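In case you want the letters, here they are:
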Amino acid sequence: MKKLFIKTYGCQMNVYDSARIADLLTPLGYAAADAPDGADIVVLNTCHIREKAAEKVYSELGRLRRLKEEKAEQGGRMLIAVAGCVAQAEGEEITRRQNIVDIVVGPQALHRIPEMIARVERREGRALETEFVPDEKFDSLPAVRAEGPAAFLTVQEGCDKFCTFCVVPYTRGAEFSRPVAQIEAEARHLAALGVREITLLGQNVNAYCGAARDGNSWSLARLLNRLAEIDGLDRLRYTTSHPRDMSRDLIEAHRDLEKLMPYLHLPVQSGSDRVLEAMNRRHTRDGYLHLVEKIRTARSVIALSSDFIVGFPGESDADFEQTMALVREVKYAQAFSFKYSPRPGTPAAAARKQVPEQVKSDRLQALQSLLAEQQAGFAKSCEGLSMPVLFEKQGRKAGQAVGRSPYLQPVHVDDAEHLIGEIHDVTIARALTNSLGGMLVAARPKAVAAA
Ligand code: SF4
């Protein structure tokens, strides 16, 4: 077997894409390796969201150079591929700066990797594909493999929103939704492989608008309703949503669909209308709060999560205070928060009123301590409750298993290893910093059948 090493950066969509790259290469005789040393092909599946993303990829390539040379000294050949959003954004610049790179492939063209490897192996030079062809991509990928009872399923890619801080519309292209039948077939296949929970993925997943066989375009809510009919599939989630696309039928799905888990990641980014406008978020503070109210009316106990950017260009103390006030009002179960950092090519990067670094750090610290307090409060409120947990893998201790609560918190349970792959009721005994500890609820004795 040839050795394949994939390093994945960034979001769950990249995790899904990396699994699909492995699916594509397995039939060609490649087996996954834990380290790049001696690999026949190394794929860096990159993300452009974080600060200095491209620079981090270039330093990783610097480290790989030595491994590639070592392999060549032993008479072998290590192919190096850069995939994902940095590949899309940088294109040929990558091979210009790092001549050890053989393949540059954007996220919409990853299905072409086998053909690109063949081209490089035939010594036809380097291969570069950065076209936006999402329909071709999904049509060309092989059947997914399941690695455990929970899986991701990409249903939508790209974004038309153009928030002024974000590179996604430039690296992933316009919004594209996979057809309903294709998604349903993939979900049924996963369920047949033992998958009990599927998270539908998309950069703007609730903008989903996929062609169905009835000739209509289906919304995400309609798609969820269809997937909920699949036997053996017990849990559905979706991420990431935009407040603008939180439609009435989707809110109703949170009320009516038992399989749809009570967790929603709904990024707000800022609590100030002034900043939201400068970010081109196309929603207001009040609009967001109203949405939260509607969601909580539909499903009273739901774990809400969000993304926040502090120190966006022009953000004043008063703007930041509006964000803190919004957080106090919503009370999040979990959240991700970052200091604003300019992404080359985005409109906000050129803004003149950048916030000083120290101010950003102070604001981030204040926000994160409030969010941590809320996360701990939500976890504490779970103590003493019994809830169904899907056990996904072994824990650190012998016999221990780790699963997910309906609210997406990791739950550690002793003597539960035999339940991996199953859903079992657990009584939450204690809230830890980032997880819960619990005990299995004993199965009720079966009633003795009457003679
Ligand atoms: S909605 Fe905004 S932040 Fe989200 S992917 Fe689109 S442009 Fe980026």
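Quick look at the structure, then. (Residues numbered from 1 in each chain as written. Predicted model: local features only at pLDDT ≥ 70, side-chain atom pairs only at ≥ 80, totals over all residues. Heavy atoms only, no water.)

Considering the nonpolar core
Okay, step 1: Counting 81 residues, the largest nonpolar core has L200, Y238 and Y332 as the members making the most contacts within it.
Okay, step 2: Those residues in contact with Y238, other than ones at most four positions away along the chain, are T199, L200, V205, L220, L224, M246, L250, H254, L260 and L264.
Okay, step 3: Y9, A39, V57 and V86 belong to the second-largest nonpolar core, a separate cluster that totals 22 residues. (Core = buried A, V, L, I, M, F, W, Y, C linked by side-chain atoms within 4.5 Å. Buried < 20%, exposed > 50% of the residue type's maximum accessible area, 1.4 Å probe, protein only. Contact = heavy atoms within 4.5 Å.)

What about unusual backbone geometry?
Okay, step 1: Each neighbour pair has its own omega, and for T239 with T240 the value is 5°, a cis peptide bond.
Okay, step 2: Checked against the element boundaries, T240 lands in the loop between β13 (235-239) and α10 (248-256).
Okay, step 3: Located in the positive-phi region is N280, a residue other than glycine, with phi close to 60°.
Okay, step 4: Inspection of the secondary structure puts N280 in the loop between α11 (273-278) and α12 (285-298).
Okay, step 5: By relative accessible area, which is 28% here, N280 ends up partly exposed. (Helix = DSSP H or I, 4+ residues; strand = E, 2+ residues; numbered from the N terminus.)

Here's the deal with the pairing of strand β16 (residues 334-339)
A regular strand places its side chains so that they alternate between the two faces of the sheet.
Okay, step 1: Here strand β15 (residues 303-310) runs beside β16; their pairing, made up of 6 bridges, is parallel. Bridged to D307 within β16 is F336.
Okay, step 2: Running through helix α13 (residues 317-330), the crossover from β15 to the neighbouring parallel element β16 is right-handed. (Pairing = 2+ DSSP bridges. Right-handed = clockwise from strand over helix to strand, strands pointing away.)

Thoughts on the packing of aromatic side chains
Okay, step 1: Applying the stated rule across the entire model yields 5 aromatic pairs.
Okay, step 2: Judged by centre distance (6.4 Å) and plane angle (85°), the rings of F165 and F312 are edge-to-face. Taken as a pair, F165 in the loop between β8 (156-157) and α7 (168-171) and F312 in the loop between β15 and α13 lie far apart in primary sequence, 147 residues in all. The two residues F165 and F312 agree in class, both being buried.
Okay, step 3: Taken together, a centroid distance of 5.3 Å and an interplanar angle of 75° make the contact between F312 and Y340 edge-to-face. Taken as a pair, F312 in the loop between β15 and α13 and Y340 in the loop between β16 and α14 (357-380) lie far apart in primary sequence, 28 residues in all. Comparing F312 with Y340, the two get one shared label, buried.
Okay, step 4: Ring pairing ties together the aromatic residues F165, F312 and Y340, which thus form one cluster. (Phe/Tyr/Trp six-rings, centres within 6.5 Å; stacked < 30°, edge-to-face > 60°.)

Coordinates in, geometry out; function isn't part of it.
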